[in-house]
Amino acid sequence: GENVEQHPSTLSVQEGDSAVIKCTYSDSASNYFPWYKQELGKRPQLIIDIRSNVGEKKDQRIAVTLNKTAKHFSLHITETQPEDSAVYFCAANPNAGGTSYGKLTFGQGTILTVHP
Amino acid sequence: DAGITQSPRHKVTETGTPVTLRCHQTENHRYMYWYRQDPGHGLRLIHYSYGVKDTDKGEVSDGYSVSRSKTEDFLLTLESATSSQTSVYFCAITQAQNTEAFFGQGTRLTVV
C-alpha cells in the first residue's frame, strides 16, 4: 500500500521567513496530492492540492511542487505570519488498481510555529 | 463549512463496551470516510464508503465496523472498545474522487 513520509516533524521560523515541508510517497500510481492545515483543536482543512499533470501550483503565499520521478512533493509558505502556526499534513491517494475512491494516505504531520 | 457533523463530540467509555460514533452530512456527497488521529501518526483511514451499503476497509480497520444505510449517515462502531482505540476520530466527505475532503469537528474518545 501507499506510504507517505513527511519531514520535518517540527519547524520553527521567524515571522516573514519562508517555511518548507517535504513529503515522499511510495505508490507510483498516486496522482493527487493535497495539503491540509489543522489549527489547535480544529478540523483539518484543505489549503492547496496538486495533480500529477502539473509540477507546481501557487496560491498567494502558498505553493506546492511535485517531482513525480523522485516521488516527492513539497509545501512552500512565504512571508510567514503567526496565524500560519498550525499542524500541516501532506497526503497522497493510493491508486492501486486505478480506483482510489477518494481515499488518502496522510503524512505524520509538521508542527509549524511562526514567532512574531 | 460543509454540512458535516459528528456525534458525540466527546465520550468516555469502559474497556469491553461497544461504542457507536455517528457522522451526518447534508451535502449529498457520495464518499464518506472515518479516520483516526494519533500523535506521530497523522490521520489513518479506518473504513470508507462509496455509496449506500457500499463500504470497505482502510489501513487500520481491526476492531471497527461501519454501516451506511442512508446517503447522509455513516456510523462507526467499536465492537468491544480497547484502550488502544483511545483517539480523536474524524469523519470526512468528498463529492468525487481526488477532490477536497471536508472533515467533521472530530470526536474525542477515551477508553478507560
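It should be noted that the structure appears before, not after, this text.
Residues numbered from 1 in each chain as written. Chains lettered and ligands numbered in written order. Predicted model: local features only at pLDDT ≥ 70, side-chain atom pairs only at ≥ 80, totals over all residues. Heavy atoms only, no water.

(A) Geometry of the packing of aromatic side chains. Overall, the coordinates contain 16 aromatic pairs over all chains when judged by the stated rule. Each ring, one from Trp35 of chain A and one from Phe73 of chain A, has its centre 5.6 Å from the other, and the planes form 70 degrees; the classification is edge-to-face. Here Phe73 of chain A lies in strand β8 (residues 72-77) and Trp35 of chain A lies in strand β4 (residues 32-38), a separation of 38 residues in the sequence. Given a relative accessible area of 0%, Trp35 of chain A falls into the buried group. According to the relative accessible area criterion, Phe73 of chain A is buried, its value standing at 0%. Seen from their ring centres, Tyr36 of chain A and Phe103 of chain B are 5.6 Å apart, and the 85 degrees between their planes marks the pair as edge-to-face. Linking Tyr36 of chain A in strand β4 with Phe103 of chain B in strand β10 (residues 102-103), this pair reaches from one chain into another. Summarising the burial analysis for this pair, Tyr36 of chain A and Phe103 of chain B share the class buried. Pairwise contacts between aromatic rings join Tyr36, Phe89 and Phe106 of chain A together with Tyr33, Tyr35, Phe90 and Phe103 of chain B into one cluster. (Phe/Tyr/Trp six-rings, centres within 6.5 Å; stacked < 30°, edge-to-face > 60°. Helix = DSSP H or I, 4+ residues; strand = E, 2+ residues; numbered from the N terminus. Buried < 20%, exposed > 50% of the residue type's maximum accessible area, 1.4 Å probe, protein only.)

(B) Representation of the state of the cysteines within the structure. Residue and element names in this part refer to chain A. Throughout the structure, instances matching the rule amount to two disulfides over all chains. Disulfide pairing places Cys23 opposite Cys90 at an S-S distance of 1.9 Å. Residues Cys23 and Cys90 are joined by a disulfide whose S-S torsion is about -100 degrees; by sign, that bridge is left-handed. Of this pair, Cys23 sits in strand β3 (residues 19-25) while Cys90 sits in strand β9 (residues 86-92), placing them 67 residues apart in sequence. Across this residue pair, the class does not change: Cys23 and Cys90 are buried. (Disulfide = S-S within 2.5 Å.)

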